[in-house]
Structures are given as C-alpha cells and as structure tokens.
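Spelled out, the chains give:
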Amino acid sequence: MKELTDAVQTAGRIIVIADGREHCFEKDDVAFQAIIKAWDEMTATAIRMPAFGVSIDELTRREMKQGLWTEFRYEKETSCEGMAFDRLLVCVKEEFRGFNVVRHVQEKYQGRCFYVDLSGGDMSGFAAAVKKAAGLHEE
C-alpha cells in the first residue's frame, strides 16, 4: 500500500469531477493539500488487495459523467507495482469501504486496477474533503 500512497502524493495536479464538471487543483493550492491529507488519513490502515476490476475506457468515461470522482494527474508516466499510469482515478462515495483505483495510460483508462480495502473504515472523510475543495454542498 505504501507504494500506491507514495504515488498519490507525487501527483502534480488533482481534478475533482462532479457530474462531469471538472475542478482543477494545482500542487500549491490549499485544496490540493487538503485532499492529499484526507487521502492519507483514509488509507492509513488500508490494505492494497489483488485487483477486482479491469477498466474499459469507454465504460469508465461514461461512468465519469455522473457522480463524484477524483483524479490524480502526473507530469510523466510513472508506475506502481509494475503497472504504468499517467493518471489515477477514484470514484468517491462516502459509504465505500473499498474501491478500485483506475489507471490511465496511453490516453485511455484501461487495464488492471489497484484495489484498496479500507480495513473497516469508509470513504466519508475523503468524500467530505473532496466536496469541500470543489465547493459542493453536502446533500
């Protein structure tokens, strides 16, 4: 899990996607730092598990048009545990106790995902930080 957490922390930009609308945060933005801090807190006791999912670009892009997503973008292609990416995408739902981290590589969301088990925790704190950063109101 440490390798994945370290990779997230090296992102150069974070994009919050809310119902298809993008909110961009650069590394020096307070919101960027708040999202990274919330990620670290959420994953502090998490375990990376074998992938449960494989991304198909067309389906992933269709799903991204609805709901809340967070994407970590990198200036150059990097890799984690032998899997390359230039973006990492996460669907954000407060009740999630585990989630896929979708890799973007060669201009597509494709291939095996990373799977993160939150070890009994949930995504609520991270979701709150992402919503606050993007100026979204709690429902």
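Criteria and cut-off values
Residues numbered from 1 in each chain as written. Predicted model: local features only at pLDDT ≥ 70, side-chain atom pairs only at ≥ 80, totals over all residues. Heavy atoms only, no water. Helix = DSSP H or I, 4+ residues; strand = E, 2+ residues; numbered from the N terminus. Rg over C-alpha atoms; globule rule 2.2 N^0.38 Å. Contact = heavy atoms within 4.5 Å. Areas by Shrake-Rupley, 256 points an atom, 1.4 Å probe, with all protein chains shown as cover. Lys, Arg positive; Asp, Glu negative; His and termini not counted. Charge placed at Lys NZ, Arg CZ, Asp CG, Glu CD. Core = buried A, V, L, I, M, F, W, Y, C linked by side-chain atoms within 4.5 Å. Buried < 20%, exposed > 50% of the residue type's maximum accessible area, 1.4 Å probe, protein only. Phe/Tyr/Trp six-rings, centres within 6.5 Å; stacked < 30°, edge-to-face > 60°. Arc of directions from axis to C-beta.

Undergrad: What exactly am I supposed to notice about the overall build of the protein here?
TA: Each helix and strand in the protein was counted, giving 4 helices and 10 strands. Listing each helix as α and each strand as β along the protein from the N terminus yields α-β-β-α-β-β-α-β-β-β-β-β-β-α. Rg of the C-alpha trace for the protein: 14 Å, near the compact-globule value of 14 Å for 139 residues, within the 12% margin. Dimensions of the protein, computed from C-alpha atoms along their principal axes, come out at roughly 35 × 30 × 30 Å. For the protein, the proportion of contacts with a sequence separation of at least 24, taken over those separated by at least 6, is 60%. Split by element, the accessible area of the protein, about 7600 Å² in all, is 49% carbon and sulfur. Positive and negative side-chain charges in the protein, numbering 19 and 24 respectively, have mean positions lying 2 Å apart.

Undergrad: Honestly, the nonpolar core in this entry has me stumped. Any pointers?
TA: Nonpolar side chains tend to gather and get buried jointly when the protein is soluble and globular. With 37 residues, the main nonpolar core has Ile 35, Trp 39, Phe 72, Leu 88, Phe 99, Val 101 and Phe 126 as its most contacted residues. Listing elements by their share of this core, those giving two or more residues are helix H1 (2–9), strand E1 (13–18), helix H2 (30–43), strand E5 (68–80), strand E6 (83–91), strand E7 (98–105), strand E10 (114–117) and helix H4 (124–134). In terms of residues, this core owes the most to one element, H2, which gives 7 residues. Non-local contacts of Val 101, meaning those with residues more than four positions away in its chain, are made with Leu 4, Trp 39, Leu 88, Leu 89, Val 90, Cys 113, Phe 114 and Val 116. One finds Met 64, Leu 89, Val 102 and Cys 113 within the second-largest nonpolar core, a separate group that totals 9 residues.

Undergrad: Teacher, can you tell me more about the packing of aromatic side chains here?
TA: When we look at a pair of aromatic rings, we describe it by the centre distance and by the angle of the planes. For the structure shown, the criterion picks out 5 aromatic pairs. Judged by centre distance (5.3 Å) and plane angle (65°), the rings of Tyr 74 and Phe 85 are edge-to-face. With Tyr 74 in strand E5 and Phe 85 in strand E6, this residue pair connects regions lying 11 residues apart in the sequence. Both residues of the pair, Tyr 74 and Phe 85, belong to the buried class. Aromatic side chains Phe 85 and Phe 114 sit 6.3 Å apart centroid to centroid with 90° between the ring planes, which places their arrangement in the edge-to-face category. A residue pair is termed long-range when its members are at least 10 positions apart, and Phe 85 in strand E6 and Phe 114 in strand E10 qualify at 29 residues. Residue class for Phe 85 comes out buried when judged on its relative accessible area of 0%. Each residue in the set Trp 39, Phe 72, Phe 99 and Phe 126 is aromatic and connected to the rest through ring pairs, giving one cluster.

Undergrad: I keep staring at H1 and nothing clicks. Help me out?
TA: In an α-helix there are 3.6 residues to a turn, and that puts residues three or four apart on one side. Residues Leu 4, Thr 5, Ala 7 and Val 8 constitute the buried set of H1. The arc that holds every buried residue of H1, seen down its axis, measures 160°, which confines them to one face. Where the residues of H1 are buried, they touch H2, strand E3 (47–49), E5, E6, E7 and E10.

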